[in-house]
Amino acid sequence: MKLIKNSAKGYIFGTCASLTVILLGIGVLSKMIVSGKISDSVSGYLLTVIVVLGVFIANIIAVKNSATGVLITIGIQTTMIVLLLLFSGLVFDGNFQNIGIRLVSVIVGTVFSYIFCRRNGGKSKKKKRRYS
């Protein structure tokens with residue numbers, strides 16, 4: 001039961017971290033657009049990078065606090081983020097502009113986090129050698 005509680009905390013903390021990264025990134029991006037430092041066309045690309053980074057961080061946090069396998073944890077966390085993006089897009093935007101590219105950026109962040117977790121996951125076993 002304790003492992004399930006830790007996993008749930010990992011999912012919630014990962015989602016909150018992802019939202020924090022995305023909202024802070026959008027805030028900085030908006031400030032830069034208003035001040036005239038970047039144009040609207042560049043902001044679309046930067047927003048994609050921000051979403052990829054947010055999903056990557058959320059998946060890493062969820063995997064570190066999870067009791068299940070890496071693939072299952074990343075799948076659950078990604079599903080939570082996609083549902084949150086769709087729901088917030090429906091409530092705040094209404095017409096779902098550029099939702100396809102946001103979903104692709106979520107998938108790219110998921111793939112990056114899966115590769116990262118597989119490369120750095122697990123403890124390396126050292127062979128004990130007998131000295132004679």
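In what follows, the structure referred to is the one given above.
Residues numbered from 1 in each chain as written. Predicted model: local features only at pLDDT ≥ 70, side-chain atom pairs only at ≥ 80, totals over all residues. Heavy atoms only, no water.

### Let's talk about the overall build of the chain
Within the chain, the secondary structure is distributed over four helices and zero strands. Secondary structure of the chain in N-to-C order comes out as α-α-α-α. Burial statistics for the chain: of 132 residues in total, 30% are counted as buried. Long-range contacts, defined as pairs at least 24 residues apart, comprise 74% of the intrachain contacts of the chain with a sequence gap of at least 6. Accessible area of the chain: about 9,400 Å², with a carbon and sulfur share of 68%. (Helix = DSSP H or I, 4+ residues; strand = E, 2+ residues; numbered from the N terminus. Buried < 20%, exposed > 50% of the residue type's maximum accessible area, 1.4 Å probe, protein only. Contact = heavy atoms within 4.5 Å. Areas by Shrake-Rupley, 256 points an atom, 1.4 Å probe, with all protein chains shown as cover.)

### Focus on the side chain of S18
Among the structural elements, S18 can be located in helix 1 (residues 2–35). Apart from residues no more than four positions distant in its own chain, S18 is found in contact with G54, V55, A58 and I81.

### Some details on the packing of aromatic side chains
Across all of its chains, the model carries one aromatic pair by this definition. Measuring from centroid to centroid gives 5.5 Å for F56 and F116, while their planes differ by 65 degrees, and the two rings are edge-to-face. Placement of the pair is F56 in helix 2 (residues 40–64) and F116 in helix 4 (residues 99–120), with a sequence separation of 60 residues. Given the relative accessible area of 24%, F56 is considered partly exposed. (Phe/Tyr/Trp six-rings, centres within 6.5 Å; stacked < 30°, edge-to-face > 60°.)

### Let's talk about the environment of M32
Looking at where M32 falls in the secondary structure, it is placed in helix 1. The partly exposed category is assigned to M32, whose relative accessible area is 27%. C-alpha of M32 to C-alpha of S43: the two residues are 11 residues apart in sequence and 9.1 Å apart in space. With residues up to four places along the chain from it excluded, the contact list for M32 reads K37 and I38.

### Describing a nonpolar patch on the surface
A cluster of nonpolar side chains, namely V104, I107, V108, V111, F112 and I115, defines an oily patch on the protein surface of about 520 Å² accessible area. Locating V104 in the fold gives a position in helix 4. (Patch = residues over 30% accessible without salt bridge, like charges linked within 9 Å, V, L, I, M, F, W, Y side chains within 5 Å. Salt bridge = Lys/Arg side-chain N within 4 Å of Asp/Glu carboxyl O.)

### Details of the environment of I12
Mapping I12 onto the fold places it in helix 1. A relative accessible area of 54% places I12 in the exposed class. In the structure, I12 is positioned 65 residues away from Q77 in sequence and 8.9 Å away in space, judged by C-alpha atoms.

### Here's the deal with the side chain of S105
Positionally, S105 belongs in helix 4. Within the structure, the side chain of S105 is placed 2.6 Å from the backbone oxygen of R102, a separation counted as a polar contact. Leaving out residues up to four positions away in the same chain, S105 has contacts with T48, V51 and V52. (Polar contact = N/O pair within 3.5 Å; in protein donor to acceptor, adjacent residues only side chain to side chain.)

Bear in mind that shape data such as this cannot, by itself, settle questions of function.
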